[in-house]
Amino acid sequence: MPNTIHIAAALLLDPQGRTLLVRKRGTLAFMQPGGKIDAGESAAQALARELHEELGLRIDPAQATHLGSFSAPAANEPGFVVKAELFRVDSAEAVTPAAEIEEVLWLAAGDTPGLSLAPLTRDLILPLWRQGLNAPR
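Reading guide: rules and limits
Residues numbered from 1 in each chain as written. Predicted model: local features only at pLDDT ≥ 70, side-chain atom pairs only at ≥ 80, totals over all residues. Heavy atoms only, no water. UniProt positions renumbered as here; feature names shortened; annotations may be inferred. Core = buried A, V, L, I, M, F, W, Y, C linked by side-chain atoms within 4.5 Å. Buried < 20%, exposed > 50% of the residue type's maximum accessible area, 1.4 Å probe, protein only. Helix = DSSP H or I, 4+ residues; strand = E, 2+ residues; numbered from the N terminus. Contact = heavy atoms within 4.5 Å. Polar contact = N/O pair within 3.5 Å; in protein donor to acceptor, adjacent residues only side chain to side chain. Pairing = 2+ DSSP bridges.

- Under an unreviewed UniProt entry, the chain has the name NUDIX domain-containing protein and belongs to Pseudomonas oryziphila.
- What the UniProt record of the chain gives under Sequence similarities (unreviewed entry) is the line "Belongs to the Nudix hydrolase family."
- Turning to the chain, the UniProt record has this under Cofactor (unreviewed entry): "Mg(2+)".

1. Some points on the nonpolar core
Inference 1: Formed by 22 residues in total, the largest nonpolar core has its most connected members in Leu12, Leu47, Leu51, Leu55, Leu57, Ile59 and Val89.
Inference 2: Secondary-structure elements contributing two or more residues to this core are strand S1 (4-13), strand S2 (19-24), helix H1 (43-55) and strand S6 (81-90).
Inference 3: Of the residues forming this core, the biggest block, 7 residues, is contributed by H1.
Inference 4: The contact partners of Ile59, leaving out residues within four places of it in the chain, are Leu47, Ala48, Leu51 and Val89.

2. Things to note about the environment of Arg122
Inference 1: The residue Arg122 is located in helix H2 (residues 119-133) in this model.
Inference 2: Residue classification places Arg122 among the partly exposed positions, given a relative accessible area of 45%.
Inference 3: As a C-alpha pair, Arg122 and Ala72 span 50 residues in sequence and 9.9 Å in three-dimensional space.
Inference 4: Contacts of Arg122, omitting those with residues within four sequence positions, involve Leu117 and Pro127.
Inference 5: Among the polar contacts listed, one links the side chain of Arg122 to the side chain of Asp123, at a separation of 2.8 Å.

3. Let's talk about the pairing of S2
Inference 1: Extensive coverage of S2 is indicated by the burial of 5 of its 6 residues.
Inference 2: Alignment of S2 against strand S7 (residues 101-107), held across 6 bridges, turns out to be antiparallel. Paired with Arg23 across the two strands is Glu103, which belongs to S7.
Inference 3: Judged from the 2 bridges that link them, S2 and strand S3 (residues 30-31) form a sheet pairing that is antiparallel. What sits directly across from Val22, in S3, is Met31.
Inference 4: Between the antiparallel neighbours S2 and S3 lie 5 residues, among them Gly26 with a positive phi of about 80°.

Encoded structure:
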């Protein structure tokens, strides 16, 4: 597929069932934390690396539950499609914006934020989450 950015993304949930959205410096759209998958990395390994770099969060890649692959227009790269391997990550750890992350936001399922959201987040991930992925296990 031409112009495709392959990423690993986290549906990161806290003990209250809220999900974390992040905004990169110099951009407007909030999205799931995560990032590009490097050569030789599994999607879960990439996710663990990105969560540590961007949020200071350490996760065990084996604890990330793969939810599927999702594609949508890229929020910050016009003409590109982002293909995300989405993982559910449950964490009670505090997060600290680092690297290129400027702002983080915990979103409850009932919230309808008046925010700019990345297409992948708005059209696919948040609806999936609201349909019951946030149910207690």
